[in-house]
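Coordinate inspection notes
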Amino acid sequence: MTEPLLRVSNLVKTFPVRGGVLAGAKEQVHAIDDISFDIGAGETLGLVGESGCGKSTTGRCILRLIEPTSGKVWFEGRSVTEIDGKALGALRRDMQIIFQDPFASLNPRMTVGAIIGEALINPNYG
Ligand SMILES: Nc1ncnc2c1ncn2[C@@H]1O[C@H](COP(=O)(O)OP(=O)(O)OP(=O)(O)O)[C@@H](O)[C@H]1O
Ligand SMILES: [Mg+2]
């Protein structure tokens, strides 16, 4: 079997909560709680969920824009979570985030139905 393009294994990211009700208590937000998946070459994975469920945090951890609390990531067989400096810089030339920008990607003059429908309408059958 060929290795996946991207492998995410038991990824966890917690953030400390500041100003909690219990003074001094170290409460944590579990932004990502043990997720694992593979993406093969040519495959597309959609990560869908409510706001705050950890989608962006997952992307940031995969690229090491933020440090995962635990877990491992491999890209093209190279360990993303165990490299630093130059090697990480080289890897970032092959992996990128396209940050969400609804004003650039969604036309405010169109309805949601028209925006989604546009991609489904075959001009040959107008
Ligand atoms: N730097 C941070 N410090 C503390 N908490 C954070 C930080 N970044 C994210 N969180 C928390 O982690 C959780 C996951 O956030 P994340 O931004 O990954 O969600 P999301 O799925 O991308 O949401 P959206 O659909 O709104 O973009 C949320 O509870 C968020 O408040
Ligand atoms: Mg997000």
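What comes next is a walk through the structure. Computed from a predicted model, the values in this text were never measured in an experiment.

With respect to the overall build of the protein
The number of helices and strands found in the protein is four helices and four strands. Helices and strands appear in the protein in the N-to-C order β-β-α-β-β-α-α-α. Here the C-alpha atoms of the protein give a radius of gyration of 19 Å, more than 25% beyond the 14 Å that 2.2 N^0.38 yields for 126 residues. Looking at the protein as a whole, 24% of its 126 residues are labelled buried. Sequence separation of 24 or more characterises 56% of the internal contacts of the protein that already satisfy a separation of 6 or more. For the protein, the accessible surface area stands at approximately 9600 Å², while carbon and sulfur atoms represent 55% of it. Each charge sign in the protein was given a centre, from 13 positive and 14 negative side chains, and these centres are 8 Å apart.

Some details on the sheet that holds strand β3 (residues 70-75)
Read across the open sheet, the four strands follow the order β2-β1-β3-β4; overall the sheet is antiparallel. The open sheet has two edge strands with one neighbour each: β2 (28-39) and β4 (78-79). For strand β1 (residues 6-16) and β3, the ladder comprises five bridges, and the chain directions are antiparallel. Across the sheet, the residue bridging to S9 is K72, located in β3. Each of β1, β2 and β3 touches helix α1 (residues 55-62); the most contacted strand, β1, lies at about 115° to it.

Procedures and definitions
Residues numbered from 1 in each chain as written. Chains lettered and ligands numbered in written order. Predicted model: local features only at pLDDT ≥ 70, side-chain atom pairs only at ≥ 80, totals over all residues. Heavy atoms only, no water. Helix = DSSP H or I, 4+ residues; strand = E, 2+ residues; numbered from the N terminus. Rg over C-alpha atoms; globule rule 2.2 N^0.38 Å. Buried < 20%, exposed > 50% of the residue type's maximum accessible area, 1.4 Å probe, protein only. Contact = heavy atoms within 4.5 Å. Areas by Shrake-Rupley, 256 points an atom, 1.4 Å probe, with all protein chains shown as cover. Lys, Arg positive; Asp, Glu negative; His and termini not counted. Charge placed at Lys NZ, Arg CZ, Asp CG, Glu CD. Pairing = 2+ DSSP bridges. Axes fitted to C-alpha atoms, helices over the stretch in contact; angles between N-to-C directions.

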